[in-house]
Amino acid sequence: MATELATLLAKNTYAAVTDKLRIIKTSLNKDEQIQEYRNLIDELQEEKTNLGRIANSYKQALERVAISDADITSLHNTIKKAIKTIQDFSGSQNLDDKTVNTFLDLLNSDTLKSLQLLGYNYKEAIGKPLTKMTAAFIGNTLTTKKS
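Since we're looking at a predicted model, the values are computed, not measured.

About the thresholds
- Residues numbered from 1 in each chain as written.
- Predicted model: local features only at pLDDT ≥ 70, side-chain atom pairs only at ≥ 80, totals over all residues.
- Heavy atoms only, no water.
- Helix = DSSP H or I, 4+ residues; strand = E, 2+ residues; numbered from the N terminus.
- Contact = heavy atoms within 4.5 Å.
- Salt bridge = Lys/Arg side-chain N within 4 Å of Asp/Glu carboxyl O.
- Buried < 20%, exposed > 50% of the residue type's maximum accessible area, 1.4 Å probe, protein only.

> Tell me about the environment of I24, and please be specific about residues and values.
With respect to the secondary-structure elements, I24 resides in helix α2 (residues 14-26). Distance from I24 to E36, taken between C-alpha atoms, is 6.6 Å for residues 12 residues apart in sequence. Once residues within four sequence positions are removed from consideration, I24 is found in contact with Q33, E36, Y37 and L40.

Shown next, in the form of structure tokens:
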């Protein structure tokens, strides 16, 4: 995407389009001028469409990693309940309250948004370990109940 964007931006800079217009104006044949103007307009419209597509791709990529304040609050509450449920269900206290609270402090709006500005990917950092932990817990629980 970035390469295509750079190519489009470099291809039709103001100077390049101005040069094309100057060349078209010097053409002696009016029919050729009209055709060249139409070609230039078509080319610029196609490139505008491509730039819009690239912009939408970047927007979608941003939306996949961006998170709203409401989502952060919901995430915080859900993870807190999930950790408590896992602790209660397993009967062990592998995570003390201080560790849980420290982890949950990372899940506030200001922290997550600031970290995202620095390139932090919360889905990778929080989602994957939480998925692995839940999968291991379920696997261990089912194995223990079967035997």
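What follows picks up the thread again.
> Describe the pattern of salt bridges, with residues and values.
Within the structure shown, the criterion is met by 5 salt bridges. The partner of K128 in a salt bridge is E124, with the nearest N and O atoms 3.2 Å apart. A residue pair is termed a helical-turn pair when its members lie 3 or 4 positions apart in one helix, as K128 and E124 do in helix α7 (residues 122-146) at 4 residues. Relative accessible area serves as the criterion here: at 42%, E124 is assigned to the partly exposed category.

So yeah, pure geometry; function would need other evidence.
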